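So the chains spell out like this:
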Amino acid sequence: MIESKRRRRVIANIASYFVLATLSMFCIGPMIWMFLTSLKYEADIVTQTMQYIPRRVTFDNYVAIWTQSGFPRLIANSLVVTFLTVTICVATGTLAAYAFSRFAFRGRTQLMLGYLVVRMFPAVMMIIPLYVVMRGVGLVDSRFGLALAYTSFLLPLFVWMLKGFLDSAPKELESAARIDGSTRLGAMVRIVMPLARNGLVASSVFIAIAAWNEFLFALMLTTGQGSRTWPVGLQLMVGEFQLPWGVLAAGGILSILPVIVLFAIVQRTMVQGLTAGAIKG
């Protein structure tokens, strides 16, 4: 009986590892293929026989996209827009999440549901109204205007995520600070936010990744190289009669490097925040 249970446990572990390995390859496989493609000559990419491993390694694709196109400017624009989006969401969303977490006011539940409804609408339905409004205030084709457009659909997500982390912060510590003479804002900054720091980092990282990879709003609300982001720039490299696979693959690899660096910096804090939210939220 014991031997049978042990055998079933071993089989279950093997099946679990197999499923995890398959899912990992399914997620990582496209990135590995893109990296290998970026190291190939164009003649070795479009061939009758598939070449999985490059027979001839070249870095010409990276040199070409960095020196012969406006890709560095596109990356800089994406960095600026992402930074502005995260800054606006943190500055406004933190106060909103704190209010939803600590105050009981009329319409609180309906307003939170309204945030969810905003997330349910397809992004394409918001483009025309946003374009009309931004054209009226002169923010079309600007990085700040694009950041505001991103905020319109990322702020509800930030508020919902951060509220769960703030709910897990003990209210007794905040009440003790208020008794000692601290203001409501002071208690929030000195007591609540340090306790929810990991959740704040996790929420900010999700917002940053969403803003970094956004394509549709950037395509419709930008027309010039001065504010265009990297997803739009890569798409515009595809011509009617040409498709530079090697250059596009090199651009994709360069585009995910900032995300990898960001994860490497905040990985531990983000995992702690997500774990705390899963247990206490």
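Structure shown above.
The structure reproduced in this document is the subject of the present report. The structure presented is a predicted model; accordingly, all values stated were derived computationally and were not measured.

As a further point, take the overall build of the protein chain. Scanning the protein chain from terminus to terminus reveals 13 helices and zero strands. Listing the helices and strands of the protein chain from first to last along the sequence gives α-α-α-α-α-α-α-α-α-α-α-α-α. In terms of overall dimensions, the protein chain is more spread out than a globule: its C-alpha atoms have a radius of gyration of 24 Å, far above the 19 Å expected for 281 residues. Along the first, second and third principal axes, the C-alpha atoms of the protein chain reach 75 × 75 × 30 Å. For the protein chain, with 281 residues in total, the buried portion stands at 37%. The contacts of the protein chain with a sequence gap of at least 6 include a subset with a gap of at least 24, amounting to 73%. Of the roughly 16,800 Å² of accessible surface on the protein chain, 69% is carried by carbon and sulfur atoms.

Core analysis: the biggest nonpolar cluster contains 35 residues, and Leu 146, Tyr 150, Leu 154, Leu 166 and Phe 217 have the highest contact counts within it. Counting only elements with at least two residues in this core, the list comes to helix H4 (71–102), helix H6 (124–137), helix H7 (143–167), helix H9 (184–195), helix H10 (197–213) and helix H11 (216–221). A per-element tally of this core places H7 first, with eleven residues. Beyond its immediate stretch of four places on either side in the chain, Leu 154 contacts Thr 85, Cys 89, Arg 119, Ile 207, Ala 210 and Ala 211. One finds Leu 39, Trp 230, Val 247 and Ala 250 within the second-largest nonpolar core, a separate group that totals 16 residues.

Okay, the environment of Ala 210 next. Positionally, Ala 210 belongs in helix H10. Judged by its relative accessible area of 28%, Ala 210 is partly exposed. Between the C-alpha atoms of Ala 210 and Val 118, which are 92 residues apart in sequence, the distance is 16 Å.

Another point: a nonpolar patch on the surface. A grouping of Val 117, Met 120, Phe 121, Val 124, Met 125, Leu 216, Leu 219 and Met 220 is seen on the molecular surface, where their side chains present a nonpolar patch of about 740 Å² in accessible area. Within the residue set of the nonpolar patch, elements represented by two or more residues are helix H5 (108–120), H6 and H11. In terms of residue count, the dominant contributor to the nonpolar patch is H11 (three residues). Position of Leu 219 relative to the elements: it lies in helix H11. A relative accessible area of 30% places Leu 219 in the partly exposed class.

Our focus in this paragraph is the packing of aromatic side chains. Taken as a whole, this structure holds seven aromatic pairs when the rule is applied. Taken together, a centroid distance of 6.1 Å and an interplanar angle of 85 degrees make the contact between Tyr 98 and Phe 103 edge-to-face. Residue Tyr 98 is classed as buried on the basis of its relative accessible area, which comes to 4%. Accessibility expressed as a relative area gives 35% for Phe 103, which makes it partly exposed.

Parameters and conventions
- Residues numbered from 1 in each chain as written.
- Predicted model: local features only at pLDDT ≥ 70, side-chain atom pairs only at ≥ 80, totals over all residues.
- Heavy atoms only, no water.
- Helix = DSSP H or I, 4+ residues; strand = E, 2+ residues; numbered from the N terminus.
- Rg over C-alpha atoms; globule rule 2.2 N^0.38 Å.
- Buried < 20%, exposed > 50% of the residue type's maximum accessible area, 1.4 Å probe, protein only.
- Contact = heavy atoms within 4.5 Å.
- Areas by Shrake-Rupley, 256 points an atom, 1.4 Å probe, with all protein chains shown as cover.
- Core = buried A, V, L, I, M, F, W, Y, C linked by side-chain atoms within 4.5 Å.
- Patch = residues over 30% accessible without salt bridge, like charges linked within 9 Å, V, L, I, M, F, W, Y side chains within 5 Å.
- Salt bridge = Lys/Arg side-chain N within 4 Å of Asp/Glu carboxyl O.
- Phe/Tyr/Trp six-rings, centres within 6.5 Å; stacked < 30°, edge-to-face > 60°.

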